[in-house]
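# Structural characterization, general
The lines below spell out each chain.
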Amino acid sequence: MANYETCRQCGAPLGMDDRAIYKKLVYRGAEDFLCIPCLARYLGVAQEEIENRIRWYRESGECTLFQ
């Protein structure tokens, strides 16, 4: 069953950015997601790097997930 509301790892509530960046970086057809902190741990990067990437996608206007 799809879970668009909470992180599958820690149960934190998800926002639009959490879902969008997960789809962009992990799997476009995802139906369950990780929050940004859990995604950073999963990918082995700093949370700030993911937040910078979100900002870049939003400002570039090239990705429909971030409009």
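Keep in mind the model is a prediction, meaning the values are calculated, not measured.

## With respect to helix H2 (residues 36-43)
Along H2, the positions that sit buried rather than exposed are Ile-36, Cys-38, Leu-39 and Ala-40. Looking at the buried positions of H2, the neighbouring elements they touch are strand S1 (3-7), helix H1 (16-25) and helix H3 (47-60). Remark: Gly-44 follows H2 within two positions and exhibits a positive phi of approximately 75°.

## Some words on the pairing of S1
Sheet analysis places S1 next to strand S2 (residues 32-33), joined by 2 bridges and oriented parallel. Counted as the bridge partner of Cys-7 is Phe-33 from S2. In terms of handedness, the path from S1 via H1 over to S2 forms a crossover that is left-handed.

## Digging into the packing of aromatic side chains
Under the counting rule described, the total for this entry stands at 4 aromatic pairs. On the numbers, 5.5 Å between centres and 45° between planes, the contact of Tyr-4 with Phe-33 is tilted. Linking Tyr-4 in strand S1 with Phe-33 in strand S2, this pair joins segments that are 29 residues apart in sequence. Ring geometry for Tyr-22 and Phe-33: centres 5.6 Å apart, planes at 80°, overall edge-to-face. Note that Tyr-22 is positioned in helix H1 and Phe-33 in strand S2, a separation of 11 residues in sequence. With respect to class, Tyr-22 is no different from Phe-33; both count as buried. By way of ring pairs, the aromatic residues Tyr-4, Tyr-22 and Phe-33 are connected into one cluster.

## Observations regarding the side chain of Asp-18
Mapping Asp-18 onto the fold places it in helix H1. Here Asp-18 sits buried without a salt bridge, and the closest side chain of opposite charge, Arg-19, lies 6.6 Å off (N-O distance).

## Observations regarding the packing of H1 against H2
Closest axis-to-axis distance for the H1/H2 pair is 10 Å, and the angle between their directions is 20°. On the basis of their axis angle, the class for H1 and H2 is roughly parallel. Contacts between H1 and H2 involve Asp-18, Ile-21, Tyr-22 and Leu-25 from the first element and Ile-36, Leu-39 and Leu-43 from the second. Of the residues belonging to the contact of H1 with H2, the class tally is 6 nonpolar, no polar and 1 charged.

What counts as what
The numbering scheme is per chain: residues are counted from 1 as the chain's sequence reads. For a predicted model such as this one, the threshold for reporting local features is a pLDDT of at least 70, and the threshold for listing and counting side-chain atom pairs is 80 or more; totals across whole chains, interfaces and linings nevertheless cover every residue. Each side-chain value is derived from all of the structure's non-hydrogen atoms; neither hydrogens nor water enter the calculation. Whether a residue is buried, partly exposed or exposed follows from its accessible area with a 1.4 Å probe, protein chains only, as a fraction of its type maximum: under 20%, in between, or over 50%, in that order. Where helices and strands are cited, they refer to DSSP runs of H or I of at least four residues and of E of at least two residues respectively, numbered from the N terminus. Throughout, a contact is declared for two residues whenever any of their heavy atoms are within 4.5 Å. Two strands are counted as paired when DSSP detects at least two bridges linking them. Orient the strands so they point away from the viewer, and a crossover whose first-strand-to-second-strand path over the helix runs clockwise is right-handed. Here a Phe, Tyr or Trp ring, Trp counted by its six-membered ring, pairs with any other such ring whose centre lies within 6.5 Å, and the pair is stacked when the planes are under 30 degrees apart, edge-to-face when over 60, and tilted otherwise. Neither His nor the chain ends is counted toward charge; the positive residues are Lys and Arg and the negative residues Asp and Glu. Whenever a carboxyl oxygen of Asp or Glu lies within 4 Å of a side-chain nitrogen of Lys or Arg, that contact is scored as a salt bridge. Here an angle of 0 to 180 degrees is reported between the N-to-C directions of two axes, which are lines fitted to C-alpha atoms, with helices fitted over the stretch in contact. What sets the label is the angle itself: under 35 degrees gives roughly parallel, over 145 gives roughly antiparallel, 65 to 115 gives roughly perpendicular, and the rest give oblique. When residue character is reported, Ala, Val, Leu, Ile, Met, Phe, Trp, Tyr, Cys and Pro are called nonpolar, Asp, Glu, Lys and Arg charged, and the others, Gly included, polar.

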